[in-house]
Amino acid sequence: MSSLLNKFLSKVEFESYDDFKDNFKINIPQNFNFAYDIVDEYAEKIPDKIALVWCDDNDNDRIFTFKDMKYYSDKAANFFKKCGIKKGDTVMLTLKARYEFWFCLLGLHKIGAIAIPATHMLRTEDIVYRIESAKIKMVVCIGEEGVPEYFDGADKELKDIEIIKAIVGNEGRDGWFNFTKEIEEASVEFERIVGDENTSNNDISLVYFSSGTTGLPKMIQHDFTYPLAHIVTAKYWQNVVDDGLHYTVADTGWAKSVWGQIYGQWISGSAVFVYDYDRFDAGNMLEKASKYGVTTYCAPPTIYRFLIKEDLSKYDFSTLEYAVTAGEPLNPEVYNKFYEFTGLKLMEGFGQTESVVSVANFPWMEPRPGSMGKPAPIYDIEIVDKKNKASDIGEEGEITIKTDNNELGLFGGYYLDPEKTKEVWYDGCYHTGDTAWMDEDGYIWFVGRTDDMIKSSGYRIGPFEVESAVISHPSVLECAITGFPDPVRGQVVKATIVITNDYKPSEELKKEIQNHVKKVTAPYKYPRIIEFVDELPKTISGKIRRVEIRSKDQE
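Residues numbered from 1 in each chain as written. Predicted model: local features only at pLDDT ≥ 70, side-chain atom pairs only at ≥ 80, totals over all residues. Heavy atoms only, no water.

Side note on the overall build of the chain
- From N to C terminus, the chain includes 18 helices and 26 strands.
- At 23 Å, the chain has a C-alpha radius of gyration in line with the 24 Å of a compact globule built from 555 residues.
- Here the chain, with 555 residues, has 59% of them falling under the buried criterion.
- At a minimum sequence separation of 6, the contacts of the chain that also span at least 24 residues come to 68%.
- Of the accessible surface of the chain, which amounts to about 23,600 Å², a share of 46% is contributed by carbon and sulfur atoms.
- Taking the average location of the 64 positive side-chain charges in the chain and that of its 90 negative ones, the two points are 3 Å from each other. (Helix = DSSP H or I, 4+ residues; strand = E, 2+ residues; numbered from the N terminus. Rg over C-alpha atoms; globule rule 2.2 N^0.38 Å. Buried < 20%, exposed > 50% of the residue type's maximum accessible area, 1.4 Å probe, protein only. Contact = heavy atoms within 4.5 Å. Areas by Shrake-Rupley, 256 points an atom, 1.4 Å probe, with all protein chains shown as cover. Lys, Arg positive; Asp, Glu negative; His and termini not counted. Charge placed at Lys NZ, Arg CZ, Asp CG, Glu CD.)

Listed below in structure tokens is the structure:
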């Protein structure tokens, strides 16, 4: 045994996308618990199999086997029990890319508690909102970057709420458990829980807060079967290899972390690589990935934009076999330049925090730059119009997922918010809020968030295509396309642009960009208004807040 795939799949290898779509099936055991049924089983049968390769900017590195992961997750489970955490309790993990995140997540799974990962970039008001909304009982956080101070600040505002706090690091802090010390002292003996406290498939194991691009963050809940759905993400989109080393660029505070740094990869037999950097530097990232021999790689298009600006000839990519991208639409310019440098075709995918990968370019497919690919076999995806009827080929509509069969990997609703759940889950479908169209060969092409669509003189214009056209001009570093109110056309296209250091804002540059866009896409889509800014408004996860630009323009 080198991976556990055969335990859950009747058929592992497929000859084509159609074969994959028609014959893929995941067998779901009763009372599945990833920590016991994957990690502990590897620890028993292949204890020295590598699970996690971790490094940082200070030349520190650690390699953890599955035997190590069982050892530390058992200790973590005992520590949480000592703190009074039990099944169903909510625990926030603000651990950046520290390896303690994996200890905590697995330990909470073993207890049946609900893990709530969160970014270290939260401020006091963000923390207060999350603690109150999710009824958080405990937090474990890193000891640097002001994070403990923000939690102490939250304490002062949460007059009637007390939370248990633990800090990762060698120094103590008044009112806090020292997680590092507690783990060292905790018992290594932890038996699988049975009886009423045993976990069941429908129990909530994980809650992520959304990025909040259009409003306050929502709490997205997943059950204990969620890791199994990421077999599709890891094995059949990221194309991870048994005994390989997969690198997904993600902070543990974001759902992309569990997409690419634990569940599907470990089930498929691949170790995961984690680079805990202080500040993003494309050159450093390339050096680390080369040094440790990454075999498969996943990052958002923004990261690739930085990578292709580096001198790639300086790095050894002999181990890299496959590269994918998701998180935002892929501009064809990025695809083409990465292929030119590496010979690897970027395989784009699409999904949300609410799901696993739901549309992707799978290994048997020839990618079409700019297309998200085709539907994953575990989801029945349909593009529908405003009347919830199927859109014709080439016609734009909303991406929906049918929910007739309790779809594996699809969220169970917004935690403690049934009304918000009903807003997106109705008529037997989950409505993603994303607009796309399907071509005659079944490839799906992203247009934009439904809220971001621009209606100008009878035309419906999606921001992504225009942004891709604008970004292809050499002066443009970043761009956000929005609709600007117009008394005649209803809306006109506006481009809010951050330019590179080699250019200066001017009316001449505006004209040059406008003429460039007219040449690379339909002329009616060109931005009639261009505003140069120093930076774009973004969420703490780095996603552009077009809603903030629109609100400002309507004042």
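Some points on the sheet that holds strand S25 (residues 490-499)
- Strand order in this open sheet of 3 strands is S24-S25-S26, and the pairing throughout is mixed. Looking at the sheet topology across the chains shown, the edges are occupied by strand S24 (476-486) and strand S26 (529-532). With direction set aside, neighbouring strand axes in the sheet form an average angle of 25 degrees.
- In the sheet, S25 pairs with S26 via 4 bridges, with the strands oriented parallel. Opposite Lys-494, over in S26, you have Ile-529 as the bridge partner. (Pairing = 2+ DSSP bridges. Axes fitted to C-alpha atoms, helices over the stretch in contact; angles between N-to-C directions.)

Here we look at unusual backbone geometry
- Here Asp-59, not a glycine, exhibits a phi torsion of approximately 65 degrees, which is positive.
- Tracing the chain through its elements places Asp-59 in the loop between strand S1 (50-56) and strand S2 (61-65).

Description of the state of the cysteines
- Under the defined criterion, the tally for this structure stands at 0 disulfides.
- Cys-55 carries a free sulfur, and the closest cysteine sulfur to it, the one in Cys-298, is 17 Å from it.
- Classification of Cys-55 as buried rests on a relative accessible area of 0%. (Disulfide = S-S within 2.5 Å.)

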